[in-house]
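Read off the chains here:
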Amino acid sequence: MDPARENLFAGVRGMLQAVLPVLWPILAFSAVFNILLLSGSFFMLLVYDDVLASRSGATLAGLLLMVTVAYIFQGAIDVIRSRVMLHTGAQADRRLCDRLYDVISRHEQEVGPLPSGAAPVRDLDLVRGYITGAGPLALLDLPYVLMFLLILTLFHWVLGLATLAGVLVMIVLMVLGDRQTRGPALQAAAVTAARFTMAEDVRRNGEVLRVLGMGGRRRSSWDAISLSLISSHDELAGAAGRMQVIGKAFRLFLQSFVLAVGAFLVIDGDATGGVIIAGSILSARALMPVEQTIGQWKPMTEASQAWRRLTGLLEHIPLREAPMPLPRPKASLEVQGVVCAPPGRQKVTVANVSFRLSAGEALAVIGHSGSGKSTLMRAVTGAWPLLRGAVRLDGASLEQWDPVLLGRDIGYVPQAIELFDGTLAQNIARFEAEADPEAIIAAARAADVHDMIVALPGGYEYVLGGPGGGGLSAGQKQRIALARALYGNPFLIVLDEPNSNLDAAGEDALVEAVRAAKQRGAIVVIVGHRPTVFAHVDHIMIMADGQLMQMGERTEMLKRINFNPAPPSPSTQSAE
Ligand SMILES: Nc1ncnc2c1ncn2[C@@H]1O[C@H](COP(=O)(O)OP(=O)(O)OP(=O)(O)O)[C@@H](O)[C@H]1O
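Bear in mind the structure is a predicted one, so any value in this text is a computation, not a measurement.

About the criteria used
- Residues numbered from 1 in each chain as written.
- Predicted model: local features only at pLDDT ≥ 70, side-chain atom pairs only at ≥ 80, totals over all residues.
- Helix = DSSP H or I, 4+ residues; strand = E, 2+ residues; numbered from the N terminus.
- Buried ≥ 20, exposed ≤ 12 C-beta atoms within 10 Å, placed from the backbone.
- Contact = placed C-beta atoms within 7 Å.
- Domains from an automatic or database assignment.
- Nonpolar A, V, L, I, M, F, W, Y, C, P; charged D, E, K, R; others polar.
- Pairing = 2+ DSSP bridges.
- Right-handed = clockwise from strand over helix to strand, strands pointing away.
- UniProt positions renumbered as here; feature names shortened; annotations may be inferred.
- Expected span 1.5 Å × (residues − 1).
- Bend = angle between axes of the 7 residues up to and from the residue.
- Core = buried A, V, L, I, M, F, W, Y, C linked by C-beta atoms within 7 Å.
- Near = placed C-beta within 6 Å.
- pLDDT = per-residue confidence, 0-100.
- Axes fitted to C-alpha atoms, helices over the stretch in contact; angles between N-to-C directions.
- Parallel < 35°, antiparallel > 145°, perpendicular 65-115°, else oblique.

Trainee: Even after reading the chapter, I still don't get the overall build of the protein, so can you show me in this structure?
Mentor: Secondary structure summary: the protein contains 20 helices and 12 strands in total. The 576 residues of the protein split such that 36% are buried. Contacts in the protein between residues far apart in sequence, at least 24 positions, make up 78% of those at least 6 positions apart.

What follows is the structure, given as structure tokens:
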């Protein structure tokens, strides 16, 4: 089968699986709904053939009452069906959005950069929109075309045949519609994703674009993408709209055509006047689900492609079962023959690095830019997957630990710091639901940031980001990130250039934090280009080209690199 069509079928099949939990009630409602749809044509048949012949007002009143009740039921069932689908769509969204959160948060680390975090969310919106719209109901109504055809054939086989011919023409229109919309739908999805990615890029780099006068140049690419988006959506909407209009016009024509066929039958004495009207209405009913399916072709194609993209994304990042909890680490960190590359890349950026640290020891990692220090820190914390080797805490490799539980025992200040929208207290406490205020203050004091926090409006409740939220300087962010890393006294503390934006007071606080962490038995690994990182460390490692070039005891290594430590600042004198 044509892969694009296979994709469409697989997408629709997958989306309809979301309806499975409510399949039986929906099928039952659809059956009753479609049977009630017959009431209008039977009413016509009886009025024309019986009431007019018998001239009975009482029969007419009785029939009118019955058809009114049938219409009320039909309307009520339609509303119930739609509400059930709305609920089903919401359930599918809830199930998928939990997984999507997991996937978006893990994608960059495990598979590689995700071009846009917003695109999968939009895909989910498309899928939910389709499930809760008229699309699945139109598909569920399709089998009832056969029921209408059968009843028409019972009226007269010529009527059945004429309507069947009409249904076949509509199916041909549907196939043509699919052919015409498939390409534009794929193109529209690709350009929409590209525009999302570009919008995020422009948002992130707005400052640089403006200051360096690059805004206009990026804007021309933005305009080009937007134009291409409009033209592909135009093409898609045009093709789908054409099919819809042709389908509708054809249905109206067929209604008249069947009426004419019925009239011929009446002229030949093969049918009654009621059959003409009832047949005409029934033929229109028979074509309605086909017409609705054609009308839903664009949302169905878009949603089915969105579903395939979503499931592809989810398959890349399988659900992770939490391993059995282990006792909290307290003895050692072992890095054994670690080989690591940025996720999704082939180029190895840390090759065969091994070392071991015991509780209470600290290691400084130095090296030129691009030598692999940050990659090693990501490997040590489990942020990036290893190609080979193992990182072990108390003998157990990182995969053996439940990442959520292990998070309590790891403190990490990444090179590029991002704080989350929320209060300073929430950020320091890693958004723990019932964080202990004393632990938050202890972490803030350990990073010597308590005084800075209480001097801000609202203190620990100072809100970052969001509407009306405040901001922080790069140095302040770095100190809050240090407090977050120290929160809960983790066993392994990894600090990737934690002092790049710190002033002298901040550096003193950092040095003191390393000393205190060691004293309570933590392991500290610190990367940096500034001499402060050497204070209190026991070992120094030099990296170059992703390799561990040298590693040794602090004093000896300082001699080897010809480094004369500056006299310690008053606050750190007691440490050495
Ligand atoms: N996200 C990434 N995608 C692709 N390549 C990357 C990524 N991050 C790092 N690299 C590459 O990995 C190599 C090591 O980079 P890494 O950031 O580990 O170096 P570093 O020693 O920490 O440098 P610096 O001191 O400048 O921070 C570099 O060649 C870099 O180009």
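We are not done yet, so read on.
Trainee: Would you mind going over the domain arrangement of the protein with me for this structure?
Mentor: The parts lose accessible area when they come together, and the size of an interface is often stated as this lost area. In terms of domains, the protein is made up of domain 1 (9-316) and domain 2 (332-575). Of note, the centres of domain 1 and domain 2, computed from C-alpha atoms alone, are 54 Å apart. Each partner contributes to the interface: domain 1 provides 6 residues, whereas domain 2 provides 5 residues. In the side of domain 1 that touches domain 2, the residues fall into 2 nonpolar, 2 polar and 2 charged.

Trainee: For this particular structure, what's the right way to read helix H13 (residues 373-381)?
Mentor: A turn of α-helix holds 3.6 residues, and therefore any two residues three or four places apart point the same way. In terms of burial, H13 is largely enclosed, as 9 of its 9 residues are buried. Within the span of H13, buried status applies to Lys-373, Ser-374, Thr-375, Leu-376, Met-377, Arg-378, Ala-379, Val-380 and Thr-381. Where H13 ends, the next residue or the one after it, Gly-382, has phi of about 85 degrees, a positive value.

Trainee: Help me understand unusual backbone geometry, please; the structure alone is not making it clear to me.
Mentor: For residues other than glycine, phi is negative in most cases, and the peptide bonds are mostly trans. Despite not being glycine, Arg-55 has its phi angle at roughly 55 degrees, a positive value. For Arg-55, the position within the fold is in the loop between helix H3 (38-54) and helix H4 (57-110). Residue classification places Arg-55 among the exposed residues on the basis of 8 C-beta atoms within 10 Å. A positive phi is found at Glu-497, a non-glycine position, where the angle reads about 45 degrees. For Glu-497, the location among the structural elements is in the loop between strand S9 (492-496) and helix H19 (504-519).

Trainee: Help me understand the pairing of strand S10 (residues 523-527) in this model?
Mentor: Burial analysis of S10 places 5 of its 5 residues in the buried class, the great majority of the element. Relative to S10, strand S3 (residues 362-367) runs parallel, the two sharing 4 bridges. Bridge pairing in S10 places Val-365 opposite Val-527. As judged from the 5 bridges shared by S9 and S10, these two strands associate in the parallel manner. Its bridge partner being in S10, Val-494 is matched across the sheet by Val-525. In this fold, S9 hands off to H19, which returns the chain to S10; that crossover is right-handed.

Trainee: I'm lost on the UniProt feature "transmembrane region" (unreviewed entry) in the protein in this one. Help?
Mentor: Per the UniProt annotation, the sites labelled "transmembrane region" (unreviewed entry) are residues 22-48, 60-77 and 144-176. Annotation note: span residues 60-77, helix share 100%, strand share 0%, distance between end C-alpha atoms 25 Å. Annotated as 97% helix and 0% strand, the span residues 144-176 places its first and last C-alpha atoms 23 Å apart.

Trainee: Just to check I follow, could you spell out H3 for this structure?
Mentor: Across its 17 residues, H3 extends 23 Å between first and last C-alpha, which sits within 8% of the 24 Å expected from 1.5 Å per residue. Helix geometry: H3 is bent most strongly at Val-47, by close to 40 degrees. Where H3 is buried, its residues touch H4 and helix H11 (273-295). A positive backbone phi angle near 55 degrees is found at Arg-55, which sits one or two residues after H3.

Trainee: Sorry if this is basic, but what is going on with the nonpolar core here?
Mentor: Ranked by size, the top nonpolar core spans 70 residues in total, and within it Ala-447, Ala-483 and Ile-526 carry the most contacts. Those residues in contact with Ala-447, other than ones at most four positions away along the chain, are Arg-479, Leu-482, Ala-483, Leu-486, Ala-509 and Ala-513.

Trainee: Any chance you could explain the sheet that holds strand S2 (residues 350-358) here in plain terms?
Mentor: Remark on secondary structure: sheet strands pair via backbone hydrogen bonds, oriented parallel or antiparallel. The strand order across the open sheet built from 4 strands is S2-S1-S4-S5, with neighbouring strands paired in antiparallel fashion. Every other strand in the sheet has two partners, leaving S2 and strand S5 (396-397) as the edge strands with one partner each. Pairing of strand S1 (residues 332-340) with strand S4 (residues 386-393) involves 6 bridges; the strand directions are antiparallel. Residue Leu-333 lies in a different strand from S4, and its bridge partner there is Leu-393.

Trainee: I tried to follow the site of the ligand on my own but got confused; where do I start?
Mentor: Near the ligand you find Pro-342, Arg-345, Thr-349, Gly-367, Ser-369, Gly-370, Ser-371, Gly-372, Lys-373, Ser-374, Thr-375 and Gln-415, and these make up its full shell. Ranked by the residues each element gives to the shell around the ligand, the list is headed by H13, at 3 residues. Residue classes in the shell around the ligand are distributed as 1 nonpolar, 9 polar and 2 charged.

Trainee: What's the story with the confidence of the model for the protein in this structure? I'm lost.
Mentor: Per-residue pLDDT for the protein averages 85, and the proportion of residues at 70 or more is 93%. Of the regions scoring below 50 in pLDDT, residues 566-576 engages in 15 contacts with residues more than four places distant in sequence or in other chains. For this predicted complex, the interface confidence comes out at an ipTM of 0.96, alongside a pTM of 0.71.

Trainee: Looking at this model, I keep getting lost on the packing of helix H8 (residues 157-204) against helix H10 (residues 215-267). Mind explaining?
Mentor: Any two packed helices are characterised by the angle at which their axes cross and by the distance between the axes. Their axes nearest at 9 Å, the elements H8 and H10 cross at an angle of 170 degrees. Judged by the angle between their axes, H8 and H10 are roughly antiparallel.

Trainee: Before we go on, may I ask you to explain the packing of helix H7 (residues 144-155) against H8 in this structure?
Mentor: Here H7 crosses H8 at 150 degrees, and the two axes come no closer than 5 Å. Between H7 and H8, the angle is such that the two are roughly antiparallel. Contacts between H7 and H8 involve Val-145, Leu-149, Leu-152, Thr-153 and Phe-155 from the former and Trp-157, Leu-159, Gly-160, Thr-163, Leu-164 and Val-167 from the latter. Of the residues assigned to the contact of H7 with H8, the class counts are 8 nonpolar, 3 polar and no charged.

Trainee: Is there a simple way to explain the environment of Asp-93 in this structure?
Mentor: Structurally, Asp-93 can be placed in helix H4. Overall, Asp-93 belongs to the partly exposed group, with 19 C-beta atoms counted inside 10 Å. For the pair Asp-93 and Tyr-71, spaced 22 residues apart in the sequence, the C-alpha separation amounts to 33 Å. With near-sequence residues (within four places) excluded, Asp-93 lies in contact with Leu-124 and Arg-128.

Trainee: Quick question: what am I supposed to make of the sheet that holds S9 here?
Mentor: Read from one edge of the open sheet, 6 strands run S6-S9-S10-S3-S11-S12, paired in mixed fashion. Lying at the two open borders of the sheet, with one neighbouring strand each, are strand S6 (410-413) and strand S12 (547-553). The mean angle between the axes of side-by-side strands here comes to 15 degrees, regardless of whether they run parallel or antiparallel. Direction of pairing for S6 relative to S9: parallel, over a ladder of 4 bridges. Its bridge partner lying in S9, Ile-410 is registered against Leu-492. Strands in contact with helix H18 (residues 474-486) are S6 and S9; relative to S6, the strand with the most contacts, it is inclined by about 165 degrees. Lying on the sheet, H19 is in contact with S3, S9 and S10; it crosses S10 at an angle near 155 degrees.

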